[in-house]
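# A structural walkthrough
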Amino acid sequence: MTKHALGFIVRKKQQPHFSLSNSLPTLLVSLPLLLSACGGISKQNVESKPSTIQFTDISEQVGLNTELAWKYGGPAVADINNDGHYDFGLTNHNKTPVKVFMDKGNGTYHQVPKVFRRTDLHGITFGDYDLDGDGDLLLSVGGGSGTKPKPPRLLRNDQGKFTDVTKQSGISEMGARGRSVRWIDLDWDGDLDLMQINAEKMITEDVPRNILFENIGNGQFRYRANKDFEDMRAERVLLTDFNLDGKLDLIAFEQRGAFSVWQGTQAFSFKNVSTQFLPKNTNFSQVLAAAHFDLDNDGDYDYYLSRGKDHYLMANNSLSFDKKSGRLDIRDQGSASHDGLSLQTDGDITLTDFWHWKRGKNMEYMPVFIGKNKTKLKPPSEPLTVSPEQAAGFPDELDKNGWYLGYLGNGQWRFEWKLFNADAWGIRAAFLNIKDYESDWPREEPNLQDILLRNDGDKFVDVSHMLPKQTQHNNWGVAPGDFDNNGTTDLIVYRFGQLELRLNDLILLNNHGQNFTLVTKHGATTEAGTKSHGDMGTTFDYNLDGKIDILSGDDDYGKWHLYRNDSINEHNHSLVRVGYSPKGTDPYGAMIKIQAGDLQQFHLVGSTSASHSQSLLNIAHFGLANHTKIDQISVKWRDGSTKKLTNLPANQLIAIGRINSPE
């Protein structure tokens, strides 16, 4: 402890946060599926039950060494060099250049140097657009809030070295506020076309909001107009096939409220079928991620939608108060504003973690003015204790950008902040030793209920009643996978947490479409109890041992984590690796179907969930429960080619198609 030059007490070591993350029990949500005439489901009863699901963070052990940074909508996982092992593309927004980690073939990774310079990076994806047998990298780049629209960057994979071919490929002339990119064969001709999903257009932009590019061969693309798609309100898209007709459909959404369903029809065309498929009384606002999975093993895709408030909504009069520890966290926008709140303490007050997200060079720092006389301090990043005597009175005039704190007597304090212009992207502050507070704006429920949609063929039915109450939170991501190999698909739900406190993510074990077992003590949230936040991840079998593992990104500021599935179960599995078709078509969009006794499952090659990035999961994992033999595996590529194998043993990796190259 030291004294500030003006007499305030500075504590060099921060007081610890109170964390709920290690005290949350594992819960069983008991939900007998009692269907009424309207398709309703009975409310859940919650009771304790121990879990056998356990993950181990092996990031450092395998060479996945990353720094604390922002994230932006999940990783891109793919077998980039086609050697039978998954590799990773990672985005840290604008804090570091894109990172590519390659599996050495033994379950450890090395980082590819100098893939691309640091930029305002959003979604990323790998795909073999030139059909040379390896994954090329597509980057979605921000457009400076509309002031500098940018095209996606196309990096051709030249035997492990990534070459920027954006200009010569023909996509460089149509820039936008890039958010998500997708490889997709929009005309079913066997090569990958390009889909660019962008933020809302600014008045200065003269190109479409969303853009389609046709792959015309020889490394070239050309723009394909489609007004309905171009005007679609979305920043994120899940490629799916809800009617199983072999034409990819879109689940499109943006955090500001728009949500829509688009059916693939003709080449480069989609039809908005939201009115037909979406339940009318469900609130689809603020969906941040979507996953498709077969909830009830009836042979079609159902959907989990995670809902929350993104960075910009969180930076709008957001508060987080832990009454037990006395910590109050505040976030607000960095635009012109004047807000405040009243605080109550017993004695001194402690300021900490004051910060603003710089917007250009508009403001070097946002000062703190103490007391009626406005004693000026730099914003404290470490705990700074202020006594009532030091902060006596509140200023009559707030005439400068800054935070203002004054003591009014009887344990009451007044705190306000004022910005005259849009000088920051966001501002933050925190107090310790708080007994209670009252904000100048109404207190709002910070959490949102996630959505579970059952696919009934011609419509989606809202069965969110099946979800545990803990899924009502600020959830930023979701990824499906059969974590216990019992033949049904489970979920991991990524929780933002509190403003300055990471909470354990949720694992929902699917009990054969009847109910979910909620697991919170699972080992797959290493940063629980720190100041980072959950963002997004994906699931896959990284070491090919028959158990689904997890790659997760922790945001603001957090690291990337690879979690190995060390769960104990006696169930069987199958791994199916899909290569190129007999006609030379890459694996994207191939449909795998597997039957073992009365258990039937399927997997659409691509991403199983989506925020901004896209994965190519062509080594599909299937839990087989107690089945020891597979009756049949079939693969149908998007070019119509098929392959079928019968009478196969369980617990094996089975390769189907041309593995080493499309030739």
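Residues numbered from 1 in each chain as written. Predicted model: local features only at pLDDT ≥ 70, side-chain atom pairs only at ≥ 80, totals over all residues. Heavy atoms only, no water.

## Brief notes about the pairing of strand E43 (residues 560–565)
With 5 of 6 residues buried, E43 is to be regarded as a mostly interior element. In this structure, strand E5 (residues 55–57) lies alongside E43, joined through 3 bridges in antiparallel fashion. Of the residues in E43, the one forming a bridge with Thr 56 is Arg 564. Here strand E42 (residues 549–555) folds back onto E43 in antiparallel fashion, the turn holding 4 residues, of which Asp 556 has a positive phi close to 50°. (Buried < 20%, exposed > 50% of the residue type's maximum accessible area, 1.4 Å probe, protein only. Helix = DSSP H or I, 4+ residues; strand = E, 2+ residues; numbered from the N terminus. Pairing = 2+ DSSP bridges.)

## Let's talk about the pairing of strand E31 (residues 412–419)
Along any regular strand, the residues point their side chains to alternate faces of the sheet. E31 sits mainly inside the fold: 7 of its 8 residues count as buried. By the bridge criterion, 8 bridges tie strand E26 (residues 337–358) to E31 in an arrangement that is antiparallel. Its bridge partner being in E31, Leu 343 is matched across the sheet by Trp 413. Relative to E31, strand E30 (residues 402–409) runs antiparallel, the two being bridged by 7 bridges. Bridged to Trp 403 within E31 is Trp 417. Count of turn residues in the E30/E31 antiparallel hairpin: 2 residues, of which Asn 410 carries a positive phi of about 55°.

## Re the sheet that holds strand E10 (residues 121–127)
The strands that make up a sheet are held in pairs by hydrogen bonds between backbone atoms, and each pair lies either parallel or antiparallel. Pairing is antiparallel in the open sheet, where 4 strands are placed in the order E10-E11-E12-E13. Looking along the sheet, the strands with just one partner apiece sit at the ends: E10 and strand E13 (161–164). Here the average twist between neighbouring strands, direction ignored, is 25°. With 3 bridges connecting them, strand E11 (residues 136–141) and strand E12 (residues 153–158) associate as antiparallel partners. Within E12, the position partnered with Leu 137 by the bridge is Leu 155. (Axes fitted to C-alpha atoms, helices over the stretch in contact; angles between N-to-C directions.)

## Concerning the side chain of Asp 554
As for its position among the elements, Asp 554 is in strand E42. According to the relative accessible area criterion, Asp 554 is buried, its value standing at 1%. Leaving out residues up to four positions away in the same chain, Asp 554 has contacts with Ala 69, Lys 71, Arg 502, Glu 527, Ser 532, His 533, Lys 559 and His 561. (Contact = heavy atoms within 4.5 Å.)

## Quick notes on the packing of aromatic side chains
The description of two aromatic rings rests on the distance between their centres and on the angle between their planes. Per the stated rule, a full pass over the model turns up 31 aromatic pairs. Ring plane angle 80° and centroid distance 5.5 Å describe the contact between Phe 321 and Tyr 437, whose orientation is recorded as edge-to-face. Of this pair, Phe 321 sits in strand E24 (residues 318–322) while Tyr 437 is found in strand E32 (residues 424–439), placing the two residues 116 residues apart along the sequence. The exposure class of Tyr 437 is buried, given its relative accessible area of 11%. Ring pairs connect the aromatic residues Phe 354, Trp 403, Phe 415, Trp 417, Phe 431 and Trp 441, which therefore count as one cluster. (Phe/Tyr/Trp six-rings, centres within 6.5 Å; stacked < 30°, edge-to-face > 60°.)

## Considering the nonpolar core
Ranked by internal contacts, the top residues of the largest apolar core, which has 50 residues, are Val 100, Leu 137, Trp 183, Ile 592 and Ile 633. Looking at this core, you find at least three residues from each of domain 1 (55–312 + 446–565) and domain 3 (572–656). Excluding its chain neighbours within four sequence positions, the residues that come into contact with Ile 633 are Ser 574, Val 576, Ile 592, Lys 593, Ile 594, Lys 643, Lys 644, Leu 645, Leu 648, Ile 654 and Ile 656. Residues Leu 343, Ile 349, Leu 405 and Phe 415 belong to the second largest nonpolar core, which totals 29 residues. (Core = buried A, V, L, I, M, F, W, Y, C linked by side-chain atoms within 4.5 Å. Domains from an automatic or database assignment.)

## Considering the UniProt feature "domain: ASPIC/UnbV" (unreviewed entry) in the protein
According to UniProt, the feature "domain: ASPIC/UnbV" (unreviewed entry) maps to residues 588–654 in the numbering used here. Helix makes up 0% of residues 588–654 and strand makes up 58%, while its end C-alpha atoms are separated by 18 Å. (UniProt positions renumbered as here; feature names shortened; annotations may be inferred.)

## Things to note about the pattern of salt bridges
What the rule picks out here adds up to 30 salt bridges. Its salt-bridge partner being Asp 79, residue Arg 577 comes within 3.7 Å of it at the nearest N-O pair. Residue Arg 577 is located in strand E44 (residues 572–578), and its partner Asp 79 is located in the loop between strand E6 (76–78) and strand E7 (87–90); the two are separated by 498 residues in the primary sequence. By relative accessible area, which is 10% here, Arg 577 ends up buried. Notably, a salt bridge pairs Arg 224 with Glu 214, separated by 3.0 Å at the nearest N-O pair. One end of the pair, Arg 224, is in strand E17 (residues 220–224); the other, Glu 214, is in strand E16 (residues 211–217), with 10 residues separating them in the sequence. (Salt bridge = Lys/Arg side-chain N within 4 Å of Asp/Glu carboxyl O.)

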